[in-house]
Amino acid sequence: MKPGDNGSEIIVFEDVCKTYPMGELEVRALRDVNLSIKEGELIVILGPSGSGKTTLLNLIGGMDTISGGRLVVNGQDISNLDPRGLTDYRRTQIGFIFQFFNLIPTLTALENVEFALELVEKDTGDKSLRALEMVGLAERAHHFPSQLSGGEQQRVAIARAIVKSPPILLCDEPTGELDYETGINVLKVMQRINRENGQTIILVTHNSAIAEMSDRTIRLHSGEVAEIIKVENPKDAEELVW
C-alpha cells in the first residue's frame, strides 16, 4: 500500500485565492484553488516560474495568508489565525526544507538540529541525534557546516525539519543547488522519511523527473491547478534520471 491510499485529508483548499497589490493593480498569484492532500502522501508540485508553486507552499506553511476561500490543515482552519496562532501552527505542524540550507555556521550539525527542537521542547539531545541518524549523519554530528559537503548540509537541514516530528514537510527546490548524485541521495532520505515515518511531503521543483517518485503530481499554471496526475507506480529515488 502506498502512502496516502487510505489516509484522511490533511490539507484542504476550498476556493483559495491569493492576490498581491502592485501599485494600483492586483496580481492574482492563486485563483480559486480547490485541492485536497491525504495524510502520508508524497506530492510533487510542478509549474513554470510565476505559476504559484511557492505561493501555495507558503500558504500551507503559514508564512503567508490567503486572500479568499478557506484553508484547513490537519483539521484546523488556518485561514483567519492571528500572528501568534500562525507561529504556534508553524512550530508544531510544519517542517521546512529550502533550496538554501540556512544552517547557523557557528553551530555544529547536532547543535543546528537541537536549536530547532528547543523551540518546541527542552529535552533535545537524544531526539536530535536520532534525527541525524535518520539522515545518515550521526558520525558528522560534531562537524560545523563549513566542514560538510553541500549534500551533507542539506541532510542536516532535513534533520532539523523532522526533529520535532511535524506531520507535514514542505520542500522548496531541495535539490536545486545540488549535483545529480547528491540530489538523488537527498531524495532517497526524503522518500525514506515519507515511507517510514508517514509524514506528508509536499515538494516544489522545476525538475519534472522528480515527479516520478511522487504519489501524485500537481501541475500549476497561472495560479490555477492545471492537472493532477496520480502516479500508479512511484519510482524509488535511485531510479530517477535527469
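Residues numbered from 1 in each chain as written. Predicted model: local features only at pLDDT ≥ 70, side-chain atom pairs only at ≥ 80, totals over all residues. Heavy atoms only, no water.

## What about empty space enclosed by the protein?
Here is step 1 of the chain: Applying the stated rule across the entire model yields 2 cavities of 30 Å³ or more.
Here is step 2 of the chain: Considering only enclosed or pocket space, the largest cavity measures out at about 50 Å³ in volume.
Here is step 3 of the chain: The wall of the largest cavity is formed by Leu-59, Gly-62, Asp-64, Thr-65, Ile-66, Leu-71, Ile-78, Ser-79 and Leu-86.
Here is step 4 of the chain: Of the residues assigned to the lining of the largest cavity, the class counts are 5 nonpolar, 3 polar and 1 charged.
Here is step 5 of the chain: There is about 40 Å³ of room inside the second largest cavity.
Here is step 6 of the chain: Lining the second largest cavity, in full, are Leu-57, Asn-58, Phe-96, Ile-97, Phe-98, Leu-170, Cys-171 and Asp-172.
Here is step 7 of the chain: When contributions to the lining of the second largest cavity are tallied by element, the ones reaching two or more residues are helix 1 (53-60), strand 6 (94-97) and strand 7 (168-172).
Here is step 8 of the chain: Per element, the largest residue contribution to the lining of the second largest cavity is 3 residues, and it comes from strand 7.
Here is step 9 of the chain: Split into classes, the residues belonging to the lining of the second largest cavity amount to 6 nonpolar, 1 polar and 1 charged. (1 Å grid on protein atoms, 1.4 Å probe; cavity = no way out; pocket = protein on both sides within 12 Å on 5 of 7 lines; lining within 4 Å. Points joined across faces, edges and corners; volume = space filled by probe spheres on them. Nonpolar A, V, L, I, M, F, W, Y, C, P; charged D, E, K, R; others polar. Helix = DSSP H or I, 4+ residues; strand = E, 2+ residues; numbered from the N terminus.)

## Looking at the layout of surface pockets
A water-sized probe rolled over the atoms picks out the places where empty space is left.
Here is step 1 of the chain: Roughly 400 Å³ of volume is contained in the largest pocket.
Here is step 2 of the chain: Residue lining of the largest pocket: 17 residues in total, with Phe-96, Ala-116, Leu-119, Arg-160 and Lys-164 positioned closest to the centre.
Here is step 3 of the chain: Of all the secondary structure elements, the ones that give two or more residues to the lining of the largest pocket are helix 2 (83-93), strand 6, helix 3 (109-117) and helix 5 (150-162).
Here is step 4 of the chain: Split into classes, the residues belonging to the lining of the largest pocket amount to 9 nonpolar, 4 polar and 4 charged.
Here is step 5 of the chain: If you add up the space inside the second largest pocket, you get close to 180 Å³.
Here is step 6 of the chain: Taken together, Lys-127, Arg-130, Ala-131, Met-134, Ile-162, Val-163, Ser-165, Asn-197 and Gln-199 form the lining of the second largest pocket.
Here is step 7 of the chain: Top contributing element to the lining of the second largest pocket by residue count: helix 4 (residues 125-134), with 4 residues.
Here is step 8 of the chain: Looking at the lining of the second largest pocket residue by residue, the class counts come to 4 nonpolar, 3 polar and 2 charged.

## A short note on the packing of aromatic side chains
Here is step 1 of the chain: The final tally for this structure, using the stated rule, is 2 aromatic pairs.
Here is step 2 of the chain: Here Phe-96 and Phe-98 contribute two aromatic rings whose centre-to-centre distance is 5.8 Å and whose plane-to-plane angle is 5°, an arrangement assigned as stacked.
Here is step 3 of the chain: Between the aromatic rings of Tyr-180 and Trp-242, the centroid separation amounts to 5.0 Å while the plane-to-plane angle is 80°, which identifies the pairing as edge-to-face. Here Trp-242 lies in the segment after strand 10 (224-230) and Tyr-180 lies in helix 6 (residues 180-197), a separation of 62 residues in the sequence. (Phe/Tyr/Trp six-rings, centres within 6.5 Å; stacked < 30°, edge-to-face > 60°.)

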